[in-house]
Amino acid sequence: MRNTIASRVAVAVTALTLLTPPGWAQAESTPDTGTLLALPAEATAHANQLQARLDIEAIDPSDYVCSSSTPIRDWLAASKADWTAVDHNLANLAQQVVLLDTVLFPDDAGTGFGAFTTPVTHAFRDLGRFWDIDSSRIRLLPLRSTMLTDRTKLTRIFTVGWGFPEAISKSLADQMATLMDTDKFDHGRHPGFTFNAFAIGGLEIPGFGTVPPEIVMGDGVLAGMRAVGLGDVAPQAILAHEYGHHVQYQRDLFNSDLTGPEASRRTELMADAFAGYYLTHARGATMQWKRVQQFVEVFAQLGDCSFAGDSHHGTPNQRLHAAEWGYGLANDAQKQGHVLPTLTFASLFDRQLPTLVAPDA
Ligand SMILES: [Zn+2]
């Protein structure tokens, strides 16, 4: 979802060891990798380092304990009602498998978004015309979990992502595909595996290749939004927020005097403001503010529970204020029939930020 200076520094430190297979792979005796739930710590660290290097921050409510009950959170919880603790652990691994496979092998990710293909692809095209950045550099990808029953792809990702030798990867792939191909995991298509959307700035990984700038939209989060009655606004709105991060990448807007949670709150609220502006502008998605507001409330409730510490997104109220500020600006701009340049928009936002985050109790 975002990018911080702190995470970039941390990433630089770990990058040197990235893609060096864990030492045990060359050891005389291979440790027991008989079960997916007892992967060697070195392999898990390898995959986690790789993920950190990609600088992904995802919307993933299942990673966090959250007490608030909202329609979409309840929907997700209900879909996992028959899962055991072991199932949850397996699902966490499955999520990481899907995410790394999609990002590292974008050519295999496909281009369709199921029932949402038209609104998503149209919104992506429209965003490209709306904001003054180079949209041709950004790849739009679906996050789909069908690869969880594909032994060839599973073998590949266990080898690249976890650093396992081919034979072990094959064995793990076989276990994974068998476990996933069951009713409780919807035969690999459970929405919990793809309850996610994120932006990646793009990077070179030594020894691997290029990961292009991407926006990744999960089947699961789109299905959830549809289930709670927001299917007409969520695809465009999530995309507009992620596109806002690409404005920030291309316009170098991640840097500010702020650090830690305040820095990420600034860039997240700015992405919400970019979205609010595009979604309601007459030359953008021309949505009713009331509808956008309903979406932001749901999105913000997810974010409030999902993001803590360095990736804090702002409170639901702050996120609503940011989107509403963008909406107000769109109203002003469309009277004059134009779209603000991204850098002008960002400097207006920075001026407004202290007001947006002022205590509201
Ligand atoms: Zn974000």
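Every chain is numbered on its own, with residues counted from 1 as its sequence reads. Given that the model is predicted, a residue must reach a pLDDT of at least 70 before its local features are reported, and side-chain atom pairs must reach 80 or more before they are shown or counted; all residues, however, enter totals for whole chains, interfaces and linings.

One non-glycine residue, D186, adopts positive backbone phi at about 50 degrees. A run of H or I in DSSP becomes a helix once it reaches four residues, and a run of E becomes a strand once it reaches two; helices and strands are each numbered from the N terminus. Within the secondary structure, D186 is located in the loop between α7 (166-180) and β2 (197-200). Comment: burial labels come from other C-beta atoms within 10 Å of the residue's own C-beta, placed from the backbone, where a count of 20 or more is buried, 12 or fewer is exposed, and between is partly exposed. Taking the number of C-beta atoms within 10 Å as the measure of exposure, D186 has 16 and is therefore partly exposed. For H187, which is not a glycine, the phi torsion comes out positive at approximately 55 degrees. Positionally, H187 belongs in the loop between α7 and β2. Residue H187 is classed as partly exposed on the basis of its C-beta count, with 14 C-beta atoms lying within 10 Å.

The next point concerns helix α5 (residues 117-130). Expected helix span is computed as 1.5 Å times (number of residues minus one). Taking 1.5 Å as the rise per residue, α5 with 14 residues should run 20 Å; its terminal C-alpha atoms sit 20 Å apart, in good agreement. Taken together, the buried positions of α5 are V120, A123, F124, L127 and F130. Seen from one end, α5 has its buried residues packed into an arc of 130 degrees, which puts them on one side. Along α5, exposed side chains directed more than 90 degrees from the buried face belong to T118, R125 and R129. The directions considered for the arc are those from the helix axis to the C-beta atoms.

Fitted lines through C-alpha atoms give the axes, limited to the stretch in contact for helices. The angle between two N-to-C directions lies from 0 to 180 degrees. Relative to each other, helix α2 (residues 41-54) and helix α4 (residues 85-104) sit at 50 degrees, their axes nearing to 11 Å. One element, α2, and the other, α4, form an angle in the oblique class. Where α2 crosses over α4, the two elements pack in a sense that is left-handed. Contact with α2, carried on its side by A47, L50, Q51 and L54, involves Q96, L100 and V103 of α4 and no other residues of that element. Residues are grouped as follows: Ala, Val, Leu, Ile, Met, Phe, Trp, Tyr, Cys and Pro are nonpolar; Asp, Glu, Lys and Arg are charged; every other residue, Gly included, is polar. Residues of the contact of α2 with α4, tallied by class, amount to five nonpolar, two polar and no charged. Throughout, the term roughly parallel applies to angles under 35 degrees, roughly antiparallel to angles over 145, roughly perpendicular to angles from 65 to 115, and oblique to all others. For any helix crossing, the convention is left-handed if the near helix is rotated counterclockwise from the far helix by under a right angle, and right-handed if that rotation is clockwise. A pair of residues counts as a contact when their C-beta atoms, built from backbone coordinates, are separated by no more than 7 Å.

Here we come to the sheet that holds strand β1 (residues 139-143). Only strands that DSSP links by at least two bridges are regarded as paired with each other. Ordered in space as β1-β5-β2, the three strands form an open sheet in which the pairing is mixed. Since the sheet does not close on itself, it has two edges, and those belong to β1 and β2, each with one partner. Looking at each pair of strands side by side, their axes are set apart by 15 degrees on average, direction ignored. As defined by bridge partners, β1 adjoins strand β5 (residues 214-218) across five bridges and the pair is classed as parallel.

The subject of this paragraph is the confidence of the model for the protein chain. Detailed reading of the predicted coordinates is not advisable wherever pLDDT falls low. Scored from 0 to 100, pLDDT reflects the predictor's confidence in each residue. Per-residue confidence for the protein chain gives a mean pLDDT of 83, with 82% of residues at or over 70. The model gives residues 58-67 a pLDDT under 50, and that stretch makes 26 contacts with residues more than four places away or in other chains. Throughout residues 304-309 the model reports pLDDT below 50, and contacts reaching past four residues in sequence, or to other chains, amount to 13 contacts.

This part covers the nonpolar core. Each nonpolar core consists of buried Ala, Val, Leu, Ile, Met, Phe, Trp, Tyr and Cys residues. Their C-beta atoms, within 7 Å, join them into a set. The biggest cluster of nonpolar side chains holds 95 residues, and the ones touching the most others in it are M217, A237, L239, A240 and F274. Looking at which element gives the most residues to this core, the answer is helix α10 (residues 260-280), with nine residues. Setting aside anything within four residues of it in sequence, one finds F274 in contact with A240, G244, V247, G326 and F345.

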